[in-house]
Amino acid sequence: MKPRIFSGIQPSGNLHLGNYLGAIRNWVKLQDQYDSIFCVVDMHAITVPQDPTELRRRTIEVAKVYLASGIDPKKSTPFIQSHISEHAELAWILNTIAKIPELEKMTQFKDKAQKAGKESASVGLFDYPILMASDILLYDTELVPVGKDQLQHIELTRTLAERFNKKFGETFILPKAFTTKESENIMGLDDPTKKMSKSASSEYNYIALTDDEETVRRKIKKAVTDSGSEIVYSDDKPALKNLINIYSLLSEISPKEIEKKYVGKGYFDFKNDLADVVINFLQPLQKKIEELSDEKVLKILEDGAKKVQPIAKKKLEEVKNKIGFIG
Ligand code: ATP
Ligand code: LTN
């Protein structure tokens with residue numbers, strides 16, 4: 001039996017290059033070696049306000065991006081989180097062993113609570129990492145391929161699994177995060193100190209996977225750069241470093257070679273070429289997304305849910321039994 005990986009993306013906004021380079025691209029590579037489960041985490045998305053019609057549309061769109069990017073339903077199992085009620089049930093149980101300060105420490109919560117305005121941040125937003133721990137632990141997950149920003153959540157998942165196992169006996173596998181150099185944060189185009197994010201306030205923060213050619217050119221033209229005019233890959237120039245990273249990851253040309261290619265040239269040429277590289281990557285992906293019908297995708301997601309449901313059910317029954325619920 002192959003070891004299992006589990007990961008998910010929230011249908012909470014436009015998927016962007018950060019989601020692709022940081023997460024989905026790795027999943028596609030891993031699906032041959034692992035028993036892979038990829039979830040569209042709609043229950044996580046509602047931890048911040050969502051328009052119901054948009055949520056429905058985006059849930060299907062995230063699944064389309066998975067499939068168009070190369071997630072193959074013959075090798076992997078994609079499904080929608082809210083189709084498996086065990087996620088919420090296990091989250092409730094894990095809530096009772098998690099401690100408030102453990103959640104208060106989470107940087108993602110602090111960032112998002114600040115964005116929402118402290119008074120209006122939901123309890124769900126606070127509890128978000130526990131639901132994520134449930135997602136992972138329900139399926140005896142060994143590896144969780146994510147971007148670097150999620151490492152703290154995975155650490156908490158391990159802590160909770162270990163605590164439960166100690167208290168009630170061996171039940172959960174302690175999962176490990178899987179990150180690669182590529183899954184390091186892709187930063188915002190408007191601010192290289194913050195990660196590219198689909199909930200960013202400005203659309204100039206990200207390149208959405210659905211952006212058309214004109215939008216990509218406009219966003220790259222507007223992307224902030226550092227002082228000086230040379231194209232160099234260095235920590236002193238975080239904005240340029242980020243753009244070179246994107247260039248390199250999408251073209252398979254190393255940062256060193258990119259530096260060489262632009263000796264004697266400036267930002268204008270570099271940005272023009274970067275826009276070409278991004279567009280050449282996006283156009284075939286967008287074509288594949290368009291070709292997928294909602295019906296086809298929903299069928300794949302339903303089949304996925306049918307496949308994972310028995311695994312979740314069995315694990316939850318084990319948990320309920322161990323904590324003393326009458327079955
Ligand atoms: P939001 O910022 O609205 O919370 P997000 O853009 O971070 O959303 P998620 O659904 O939270 O998207 O993340 C999905 C996956 O994409 C996760 O594995 C996450 O680590 C990865 N990811 C998100 N943004 C980046 C980024 N800028 N660079 C690399 N990986 C990223
Ligand atoms: N919190 C994650 C999304 C997510 C996830 C998961 C990732 C929810 N449940 C389980 C891996 C495994 C994020 O990327 N923001």
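Residues numbered from 1 in each chain as written. Chains lettered and ligands numbered in written order. Predicted model: local features only at pLDDT ≥ 70, side-chain atom pairs only at ≥ 80, totals over all residues. Heavy atoms only, no water.

Enquirer: I'd like to hear about the nonpolar core, residue by residue, with values.
Expert: If you look at the biggest cluster of nonpolar residues, it comprises 58 residues, and the most contacted ones within it are L17, Y66, L209, I246, F270 and V278. Sorting the residues of this core by element identifies β1 (4–9), α1 (17–30), β2 (35–40), α3 (52–69), α9 (213–222), α10 (238–251), α12 (267–291) and α13 (294–323) as the ones contributing at least two each. Broken down by element, this core gets its largest block of residues, 11 residues, from α12. With near-sequence residues (within four places) excluded, Y66 lies in contact with G8, I9, I24, W27, F38, C39, V40, I71 and P78. Residues L94, A113, A133 and L316 belong to the second largest nonpolar core, which totals 34 residues. (Core = buried A, V, L, I, M, F, W, Y, C linked by side-chain atoms within 4.5 Å. Buried < 20%, exposed > 50% of the residue type's maximum accessible area, 1.4 Å probe, protein only. Helix = DSSP H or I, 4+ residues; strand = E, 2+ residues; numbered from the N terminus. Contact = heavy atoms within 4.5 Å.)

Enquirer: Mind laying out the site of ligand 2, listing which residues take part and the relevant values?
Expert: Surrounding ligand 2, one finds 14 residues, the nearest of these being H44, Y128, M132, D135 and Q150. A distance of 2.6 Å is found between a nitrogen atom of ligand 2 and a side-chain nitrogen or oxygen belonging to D135. Between ligand 2 and Q150 there is a distance of 3.0 Å, counted from a nitrogen atom to a side-chain nitrogen or oxygen. Burial of ligand 2 by the surrounding chains reaches 91%, relative to a free accessible area of 360 Å². The element that contributes the greatest number of residues to the shell around ligand 2 is helix α7 (residues 123–137), accounting for 4 residues. Here the shell around ligand 2 is built from residues that sort into 7 nonpolar, 6 polar and 1 charged. (Near = heavy atom within 4 Å. Polar contact = N/O pair within 3.5 Å; in protein donor to acceptor, adjacent residues only side chain to side chain. Areas by Shrake-Rupley, 256 points an atom, 1.4 Å probe, with all protein chains shown as cover. Nonpolar A, V, L, I, M, F, W, Y, C, P; charged D, E, K, R; others polar.)

Enquirer: Could you give me a rundown of the packing of aromatic side chains, with the residues and numbers involved?
Expert: For the structure shown, the criterion picks out 12 aromatic pairs. An aromatic cluster is present here, built from F6, F79 and Y139 joined pairwise through their rings. Positioned over the ring face of Y233 is K241, at 5.5 Å from the centre of the ring. (Phe/Tyr/Trp six-rings, centres within 6.5 Å; stacked < 30°, edge-to-face > 60°. Lys NZ or Arg CZ within 6 Å of the ring centre and 35° of its normal.)

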